[in-house]
Amino acid sequence: MLAVLALLFLAVLLSPSENIYPELNPDPWGNETITVHIDDRNVPAHYSPSYRVQVEKALDYWSEGGNGKLGYTPEFRIVDVNDADILIMWVENLEAEAGVESGVAGFARPYEVNGRYEHVDIVLETGNYAGYSWRQYGDSNMQEIAKHEIGHALGLGHSNNRKDIMYPTYDRMDDIDPLLVQRTLPLIILGALLGAGIVFYHGGGWLHSRKKRERLEKEIFGEKEK
Ligand SMILES: [Zn+2]
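Described below are features of the structure shown in this document. Predicted model only: the values in this text are computed from it and were never measured.

1. Considerations on a nonpolar patch on the surface
A contiguous nonpolar patch, built from Leu187, Leu190 and Leu194 and spanning about 320 Å² of accessible area, is present on the exposed surface. Inspection of the secondary structure assignment puts Leu190 in helix 5 (residues 178–221). By relative accessible area, Leu190 is classed as partly exposed at 47%.

2. A word on the coordination of the zinc ion
In ideal tetrahedral geometry, four donors around a metal make angles of 109.5 degrees, whereas ideal octahedral geometry with six donors gives angles of 90 or 180 degrees. Looking at the zinc ion, the protein donor atoms are His148 (NE2), His152 (NE2) and His158 (NE2), and they sit 2.0 to 2.1 Å from it. Here the donor residues of the zinc ion are spaced in sequence according to H-x3-H-x5-H. Relative accessible area serves as the criterion here: at 37%, His158 is assigned to the partly exposed category.

3. Considerations on unusual backbone geometry
With a phi close to 50°, Asn114 is a non-glycine residue in the positive phi region. Counting through the fold element by element, Asn114 comes out in the loop between strand 4 (106–113) and strand 5 (116–125).

4. Thoughts on the sheet that holds strand 3 (residues 86–91)
Spatially, 2-1-3-5-4 is the arrangement adopted by the five strands of the open sheet, whose pairing is mixed. With one partner strand each, in any of the chains shown, strand 2 (76–78) and strand 4 form the two edges of the open sheet. On average, each strand axis in the sheet is tilted by 20° relative to the strand beside it, whichever way the strands run. In this sheet, strand 2 lies alongside strand 1 (residues 34–38) in parallel orientation, the contact comprising three bridges. If you follow Thr35 over to strand 2, its bridge partner there is Arg77. Where helix 2 (residues 50–63) meets the sheet, its contacts fall on strand 1, strand 2, strand 3 and strand 5, and the angle it forms with strand 2 comes to roughly 160°. Sitting on the sheet, helix 4 (residues 139–153) is in contact with strand 2, strand 3, strand 4 and strand 5, with an inclination near 160° to strand 5.

5. As for the pattern of salt bridges
For the structure shown, the criterion picks out six salt bridges. Of the charged contacts in the structure, one is a salt bridge between Asp40 and Arg52, with a shortest N-O distance of 3.1 Å. Residue Asp40 is found in the loop between strand 1 and helix 2, and its partner Arg52 is found in helix 2; the two are separated by twelve residues along the sequence. Residue Asp40 is classed as partly exposed on the basis of its relative accessible area, which comes to 29%. Residue Asp80 pairs with Arg41 through a salt bridge whose shortest N-O separation is 2.8 Å. With a gap of 39 residues between them, Asp80 in the loop between strand 2 and strand 3 and Arg41 in the loop between strand 1 and helix 2 connect regions that are remote in the sequence. Exposure remark for Asp80: the relative accessible area of 54% places this residue in the exposed category. Residue Arg41 is classed as exposed on the basis of its relative accessible area of 60%. Connected through salt bridges with shared partners, the residues Asp40, Arg52 and Glu56 form a single ionic network.

Conventions used here
One numbering rule holds for all chains: residues counted from 1, following each sequence as written. In keeping with the model being predicted, local features are shown solely for residues with a pLDDT of at least 70 and side-chain atom pairs are shown and tallied solely at 80 or more, while totals for entire chains, interfaces and linings include all residues. Only hydrogens and water are removed before side-chain values are computed, so all heavy atoms of the structure are retained for them. Grouping into patches uses exposed residues only, defined as over 30% relative accessible area, and leaves out salt-bridged ones; the cut-off is 9 Å for like charges and 5 Å for nonpolar side chains (Val, Leu, Ile, Met, Phe, Trp, Tyr). Using the Shrake-Rupley algorithm and a 1.4 Å probe, accessible areas are obtained, with residue cover drawn only from the displayed protein chains. By convention in these notes, a salt bridge is any Lys or Arg side-chain nitrogen within 4 Å of a carboxyl oxygen on Asp or Glu. Every helix listed is a DSSP run of H or I at least four residues long, and every strand listed is a run of E at least two residues long, numbered separately from the N terminus. Relative accessibility thresholds used throughout: buried, under 20% of the residue-type maximum; exposed, over 50%; partly exposed, between the two (1.4 Å probe, protein chains only). Donor atoms: N, O and S within 2.8 Å of the metal, or within 3.2 Å for Na, K and Ca. Because water is excluded, sites can look incomplete. A pair of strands is treated as paired once DSSP finds two or more bridges between them. Comment: axis = line fitted to C-alpha atoms, over the contacting stretch for helices; angle = value between 0 and 180 degrees taken between N-to-C directions. Pairs of residues are marked as contacts when any of their non-hydrogen atoms sit within 4.5 Å.

This is how it looks when you write it as structure tokens:
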């Protein structure tokens, strides 16, 4: 066990994945608690309430150490005011609404004054177009995008390590549409109830046929046989 641990430790030490990437700002917030406003009121049509939860998880990720590349431990406080340090908002589609290049799922725009971030706007999109068809982002996808953009808001640049959260492109984690799940949930429940009804019906059918079989057996084998 100890040998395995030692080997693992050595593998971590020797791994070439330890890439250095530019920090946009090594200490953008000083030692202060960073206030975050998550705007889940002015949201586009395809916003899912589960996205806010993903942003909160992404904030936890960074305050619990993140990818280990921050020289400080950020402390966040979610507030309900518009002049928070970090403002997180959603648009339907960045390509269509902000004119950004295709493939960009979010961006962070820091306003730097005298070496400190005064304010950072993070804009996330709810999905993109694959040809003409709309593809809604799944929750874990949203969480990855949020982690990446918050990483920028904390002063990190891009990593050249594919496995790092600060790598410029993300891998689509899932394609489960959270809006579809919410909309179809009543249908799923109805389906489960109907399913139970079918089981019940079949149960009744089985009871009925057992009685029929008993009657047949009586006819063939007589009263004594069962
Ligand atoms: Zn980026």
